[in-house]
Amino acid sequence: MSTRHKTTDEEIASLHPKIRRQAANCINELNNSQSRYRVQISNKWKNKEIESHGGYRSNSEQNNLYKKGRKGDTVINKKAVVTNAKGGKSYHNHGLAFDISVIENGEYIKDGDKNKQIIEKYFLKTIKKHGFEWGGEFKDFCDPPHIQKSFNYDTDDLIEMDKNNEKLNGYLQIDENNKK
Ligand SMILES: [Zn+2]
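Remember, it's a predicted structure, so these values are computed and weren't measured experimentally.

Rules of the game
- Each residue is numbered by its place in its chain's sequence as written, counting from 1.
- For a predicted model such as this one, the threshold for reporting local features is a pLDDT of at least 70, and the threshold for listing and counting side-chain atom pairs is 80 or more; totals across whole chains, interfaces and linings nevertheless cover every residue.
- Only buried Ala, Val, Leu, Ile, Met, Phe, Trp, Tyr and Cys residues enter a nonpolar core, and they are joined through C-beta atoms within 7 Å.
- Our exposure labels follow a C-beta count within 10 Å of each residue's own C-beta, placed from the backbone: buried means 20 or more other C-beta atoms, exposed means 12 or fewer, and partly exposed covers the counts in between.
- Numbering goes from the N terminus for both helices and strands, where a helix is a DSSP run of H or I of at least four residues and a strand is a run of E of at least two.
- With C-beta atoms placed from the backbone, a contact is any residue pair whose C-beta atoms sit within 7 Å.
- Every axis corresponds to a line fitted to the C-alpha atoms, with the helix fit spanning only the stretch in contact, and the corresponding angles, defined between N-to-C directions, vary from 0 to 180 degrees.
- Working rule for angles: under 35 degrees goes down as roughly parallel, over 145 as roughly antiparallel, 65 to 115 as roughly perpendicular, anything else as oblique.
- Crossing handedness: left-handed means the near helix sits turned counterclockwise from the far one by under a right angle, and right-handed means the same turn made clockwise.
- All residues other than Ala, Val, Leu, Ile, Met, Phe, Trp, Tyr, Cys, Pro, Asp, Glu, Lys and Arg, Gly among them, are scored as polar; the first ten of these are nonpolar and the last four charged.
- Being paired, for any two strands, means DSSP has found at least two bridges between them.

Draft legend 1. Expanded view of the nonpolar core. By size, the foremost hydrophobic cluster in this structure holds 23 residues, and its most contacted members are Ala23, Phe98 and Ile147. Secondary structure elements with two or more residues in this core: α2 (17–31), β6 (97–99) and α4 (112–129). Here this core gets five residues from one element, more than from any other, and that element is α2. Apart from residues no more than four positions distant in its own chain, isoleucine 147 is found in contact with Ala97, Phe98, Ile100, Ile127, Phe132, Trp134 and Gly135.

Structural data, given as structure tokens:
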């Protein structure tokens, strides 16, 4: 299940076991494509004061991200906002999401619009083929690096399962055939 990229492999290992293999397969397939772009998962990215994981993310890490661009719940700098999700309300907090960084000639592409265009053009078909949902299609908060598998659970369901300790070996007992 290796992608031959250390931090990507570390982040994949942090995900829920139900999606690890698919995440690795998906990334390997993206990187085997004929495009000149490559994808990786960062284990942290530094947005000034905030570091965060591209795979599993704890609730407190998530809350730190939520604070970006906000004072309390009020947005004071729209450009700085990186998420609308507080701790628990992101699929990252349940190991069911990861963020890809697009790389061109060894450099991360930082421009959000360019990222979105590249992913849509070269990678989206493969992402969907592996059963993932793409954040670039989210209507409430367009999030091009974000890839998740919800298994038809919303984050409130997952929070509830977590609270009720519906777990196996420390992981939420996800039913792959869950029908809402
Ligand atoms: Zn994400």
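Read on, since the account is not over.
Draft legend 2. Representation of unusual backbone geometry within the structure. Although it is not a glycine, phenylalanine 151 sits at a positive phi angle of roughly 50 degrees. Mapped onto the elements of the fold, phenylalanine 151 is located in the loop between β10 (146–148) and α5 (155–163). Residue phenylalanine 151 is classed as buried on the basis of its 21 C-beta neighbours within 10 Å. In the Ramachandran plot, asparagine 169 falls in the positive-phi region, its phi being about 50 degrees despite a non-glycine side chain. With respect to the secondary-structure elements, asparagine 169 resides in the loop between β11 (167–168) and β12 (171–172). The class for asparagine 169 is exposed, based on 6 C-beta atoms found within 10 Å.

Draft legend 3. View of the packing of α2 against α4. α4 packs onto α2 with a crossing angle of 150 degrees between their chain directions and a minimal axis gap of 10 Å. Accordingly, the angle class assigned to the pair α2 and α4 is roughly antiparallel. Where α2 crosses over α4, the two elements pack in a sense that is right-handed. Contacts between α2 and α4 involve Cys26, Glu29 and Leu30 from the first element and Phe123, Thr126 and Ile127 from the second. Residue composition of the contact of α2 with α4, by class: four nonpolar, one polar and one charged.

Draft legend 4. Molecular detail of the sheet that holds β6. Pairing in this open sheet of three strands is antiparallel, and the strands run β6-β10-β9 from one edge to the other. At either end of the open sheet lies a strand with only one pairing partner, and these are β6 and β9 (133–134). Sheet topology note: the β6/β10 ladder contains three bridges and is antiparallel. For aspartate 99, the partnering residue across the bridge sits in β10 and is histidine 146.

Draft legend 5. Examining the sheet that holds strand β8 (residues 107–108) more closely. Read across the open sheet, the three strands follow the order β1-β7-β8; overall the sheet is antiparallel. Looking at which strands have only one partner, the edges of the open sheet turn out to be β1 (37–40) and β8. Of the pairings in the sheet, the one linking strand β7 (residues 101–104) to β8 comprises two bridges and is antiparallel in character. Bridge pairing in β8 places isoleucine 103 opposite tyrosine 108.

Draft legend 6. Up close: the pairing of β7. In terms of strand pairing, β1 meets β7 through four bridges, oriented antiparallel. Bridge pairing links tyrosine 37 to glutamate 104 in β7. Between β7 and β8, which pair antiparallel in sequence order, lie two residues; one of them, asparagine 105, sits at a positive phi of approximately 50 degrees.

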